[in-house]
Amino acid sequence: MAKEKTLEDAFYETLKDVYYAEKASVKAQKKAAKAAQSPELQAAFKTHGEESQNQVERLAQVFELIGKTPRAKTCEATVGLMNEMDEDLEDFAGTEASDDVLIGCAQALEHYEIARYGLLKTWATKLGYDEAAALLDATLQEEKKTDELLTQIANASMPKGKSGAKAKAA
Ligand code: FE
Ligand code: FE
Ligand code: FE
């Protein structure tokens, strides 16, 4: 009979999932920085792209801490979110809504990361991997900060079109 799976196994499997998601995120930030219209949004994606590269390194450290070789396993959720981003970028390219739509896609990726890093941090702590938990928390805080920044940017920009709040107020 197969050996019963443990939380240790779940931790390793989820780590591989997030390793895939984080590598995809590096690419997504680059793509989003190119697609963004406002300089502020471009800068946010550029900064988070650099952070994401560092987050990939942190995950490699976590693999090392549990005595495993870093390995990625296709994350279907990330594949889906990336496909949605591609579709939205195509549909809304050059429109007044393009930055808002782009922020929405980027936040979906951040929220997935927040869910996963939060989970991994909890599990690392339960399993006694304190050093790994600290690394995962450092990344979790960066993901949360990025999510909040994107919300701020979305709130600060006024819609330019007829349907916009400004037009209504006038
Ligand atoms: Fe990330
Ligand atoms: Fe996944
Ligand atoms: Fe992120």
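Calculation criteria
Residues numbered from 1 in each chain as written. Chains lettered and ligands numbered in written order. Predicted model: local features only at pLDDT ≥ 70, side-chain atom pairs only at ≥ 80, totals over all residues. Heavy atoms only, no water. Donors = N, O, S within 2.8 Å, 3.2 Å for Na, K, Ca; no water. Helix = DSSP H or I, 4+ residues; strand = E, 2+ residues; numbered from the N terminus. Buried < 20%, exposed > 50% of the residue type's maximum accessible area, 1.4 Å probe, protein only. Patch = residues over 30% accessible without salt bridge, like charges linked within 9 Å, V, L, I, M, F, W, Y side chains within 5 Å. Areas by Shrake-Rupley, 256 points an atom, 1.4 Å probe, with all protein chains shown as cover. Salt bridge = Lys/Arg side-chain N within 4 Å of Asp/Glu carboxyl O. Lys, Arg positive; Asp, Glu negative; His and termini not counted. Charge placed at Lys NZ, Arg CZ, Asp CG, Glu CD. Core = buried A, V, L, I, M, F, W, Y, C linked by side-chain atoms within 4.5 Å. Contact = heavy atoms within 4.5 Å. Expected span 1.5 Å × (residues − 1).

(A) Quick peek at the coordination of the iron ion (ligand 1). The protein atoms donating to the iron ion (ligand 1) are Glu22 (OE), Glu22 (OE), Gln55 (OE1), Glu113 (OE) and Glu143 (OE), with metal-donor distances spanning 2.0 to 2.2 Å. Counting gaps between the donor residues of the iron ion (ligand 1) yields the pattern E-x32-Q-x57-E-x29-E. Between the iron ion (ligand 1) and the iron ion (ligand 3), a spacing of 3.1 Å is present, and a bridge between the two is formed by Glu113. In this pair, Glu22 is assigned in helix α1 (residues 7-35) and Glu113 in helix α4 (residues 98-126), connecting sequence segments 91 residues apart. Each of the two residues, Glu22 as well as Glu113, counts as buried.

(B) Region of interest: a negative patch on the surface. The grouping of Glu84, Glu87, Glu90 and Asp91 at the surface amounts to a negative patch. With respect to the secondary-structure elements, Asp91 resides in helix α3 (residues 76-92).

(C) Just the nonpolar core, in detail. Ranked by internal contacts, the top residues of the largest apolar core, which has 23 residues, are Phe11, Leu15, Leu59, Val62, Ala124 and Leu136. At the level of secondary structure, the elements contributing two or more residues to this core comprise α1, α2 (39-65), α4 and α5 (130-156). When residues of this core are assigned to their parent elements, the largest contribution, six residues, is made by α1. Setting aside residues up to four positions removed in sequence, Leu59 forms contacts with Leu15, Val18, Tyr19, Glu22, Tyr117 and Leu136.

(D) Structural context of the coordination of the iron ion (ligand 3). Distances from the iron ion (ligand 3) to its protein donors, His48 (NE2), Glu110 (OE), Glu110 (OE), Glu113 (OE) and Glu143 (OE), fall within 2.1 to 2.8 Å. Within one chain, the residues donating to the iron ion (ligand 3) are spaced in sequence as H-x61-E-x2-E-x29-E.

(E) View of the pattern of salt bridges. Using the criterion set out here, one finds seven salt bridges in the structure. Ionic pairing is found between Lys16 and Glu13, a salt bridge with its closest N-O pair at 3.1 Å. Residue Lys16 and its partner Glu13 are located together in helix α1, separated by three residues, close to a single helical turn. Given the relative accessible area of 5%, Lys16 is considered buried. For Glu13, a relative accessible area of 30% corresponds to the partly exposed category. Close ionic contact of Glu142 with Arg58 constitutes a salt bridge, the shortest N to O distance being 3.1 Å. Note that Glu142 is positioned in helix α5 and Arg58 in helix α2, a separation of 84 residues in sequence. Here the salt bridges do not stand alone but share partners, grouping Glu13, Lys16 and Lys73 into one network.

(F) Broad picture of α5. Between its first and last C-alpha atoms α5 spans 39 Å; for 27 residues at 1.5 Å apiece the expected length is 39 Å, and the two agree. Taken residue by residue, α5 has Ala132, Ala133, Leu135, Leu136, Thr139, Leu140, Glu142, Glu143, Thr146, Asp147, Leu150 and Ile153 as its buried positions. Residues of α5 that are buried sit in contact with α1, α2 and α4.

Everything listed here is a matter of geometry and, on its own, says nothing about what the molecule does.
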